[in-house]
Every structure is written in C-alpha cells, then in structure tokens.
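An overview of the molecular structure
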Amino acid sequence: MIRGLGELESAIMDRMWARRRPASVREVFQDLKQERTIAYTTVMTVMDKLHTKGLLKRRPVGRAYVYEPVASKEAYTADLMRTVLAGGGNQAATLVHFLERLTPEEAAALEAALQVFPPKGRPA
C-alpha cells in the first residue's frame, strides 16, 4: 500500500509549493522555525530525502543547493490518488464508494473538471 508524506515532509512540501520559486534549505528552515522547534540539519535531511523520492529537484548554488518541486501539489495529489485507486482491488467499486462520500462542493468540482477534461472515449 502506498504511504503518503510524513508530517514534516508535508510541511516542507507545502512551503515549497506555496513559494512557487526555488528555495534553499536555510530559507525553508527559517520559515519552519517560526512555528516549531527544529534543527537545520533535520530540514536538510528531509529535503534531501524528498529529492531522493523524486518530489524535489535541486541544483547547486555556491556551496549549497536550491530546491524546487518537480510537480505541482495538484499533480502530486492526482498521482497519489491514482496509485491508491490502482491498489484498491475492484476499481469500479472503489470509485462508487468514493463518489458516495463526496460533499456537494466536491461533486460540483468533479462535474466542472469533467466538462474541462472529459474521460477518454467520451465526446466533449
């Protein structure tokens, strides 16, 4: 079964997605330490692991790296949803259970998304 991001990984990725520009470990550390006690080396280690997992890309700048997300938060979430769906056994039943649990707002968002991007094999 797929495992999503851990709490600190999520906090770092949320900051990286919100920045919309490359950031150094120091910048992310400065941001995180505003709301929690955390070590610079912890942030550096987690960002390196996110790079290893393929969620962040990095390039050297001077003696440090700057990082940026490989994909948007929405693209990451879509990939996660597809992986979970693929591992859920009966995909049709899984989707039915998912649809049964949608809020009216979520159902409206799904309907709007299908208007923009109809399923393959269905006319627009």
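Everything in this summary refers to the structure shown in the same document.

Analysis parameters
Residues numbered from 1 in each chain as written. Predicted model: local features only at pLDDT ≥ 70, side-chain atom pairs only at ≥ 80, totals over all residues. Heavy atoms only, no water. Helix = DSSP H or I, 4+ residues; strand = E, 2+ residues; numbered from the N terminus. Rg over C-alpha atoms; globule rule 2.2 N^0.38 Å. Buried < 20%, exposed > 50% of the residue type's maximum accessible area, 1.4 Å probe, protein only. Contact = heavy atoms within 4.5 Å. Areas by Shrake-Rupley, 256 points an atom, 1.4 Å probe, with all protein chains shown as cover. Lys, Arg positive; Asp, Glu negative; His and termini not counted. Charge placed at Lys NZ, Arg CZ, Asp CG, Glu CD. Pairing = 2+ DSSP bridges. Axes fitted to C-alpha atoms, helices over the stretch in contact; angles between N-to-C directions. Patch = residues over 30% accessible without salt bridge, like charges linked within 9 Å, V, L, I, M, F, W, Y side chains within 5 Å. Salt bridge = Lys/Arg side-chain N within 4 Å of Asp/Glu carboxyl O.

Considerations on the overall build of the protein
- When helices and strands are counted, the protein shows six helices and three strands.
- Starting at the N terminus and ending at the C terminus, the protein contains elements arranged as α-β-α-α-β-β-α-α-α.
- Computed over its C-alpha atoms, the radius of gyration of the protein comes to 18 Å, more than 25% above the 14 Å expected for a compact globule of 124 residues.
- If you line up the protein on its principal axes, its C-alpha atoms span 55 × 30 × 25 Å.
- In the protein, which comprises 124 residues, the proportion classed as buried is 22%.
- Counting contacts in the protein only where the partners sit at least 6 residues apart, residues at least 24 apart contribute 46% of the total.
- Carbon and sulfur atoms make up 57% of the accessible area of the protein, which amounts to about 8900 Å² in all.
- In the protein, which carries 19 positive and 14 negative side-chain charges, the distance between the mean positions of the two groups comes to 8 Å.

Digging into the sheet that holds strand β2 (residues 56-61)
- Strand order in this open sheet of three strands is β1-β3-β2, and the pairing throughout is antiparallel. Two strands bound the open sheet, and with one partner strand each, they are β1 (23-24) and β2.
- Contacting β1, β2 and β3 (64-69), helix α1 (residues 7-19) runs over the sheet at an angle of about 80 degrees to β3.

Thoughts on the pairing of β2
- Examined bridge by bridge, β2 and β3 share six bridges and lie antiparallel to one another. Looking across to β3, one finds that Val61 is bridged to Ala64.

Focus on the pairing of β3
- Taken together, the two bridges between β1 and β3 define a ladder with antiparallel strand orientation. For Ser24, the partnering residue across the bridge sits in β3 and is Val66.
- In this antiparallel pair of consecutive strands, β2 and β3, the connection spans two residues, and Gly62 shows a positive phi of 65 degrees.

Side note on a nonpolar patch on the surface
- A cluster of nonpolar residues, Met81, Leu95, Phe98, Leu99, Leu110 and Leu114, forms a patch on the protein surface that exposes about 500 Å² of accessible area.
- Of all the elements in the fold, those that place two or more residues in the nonpolar patch are α5 (91-100) and α6 (104-116).
- The element contributing the most residues to the nonpolar patch is α5, with three residues.
- Along the chain, Phe98 falls in helix α5.

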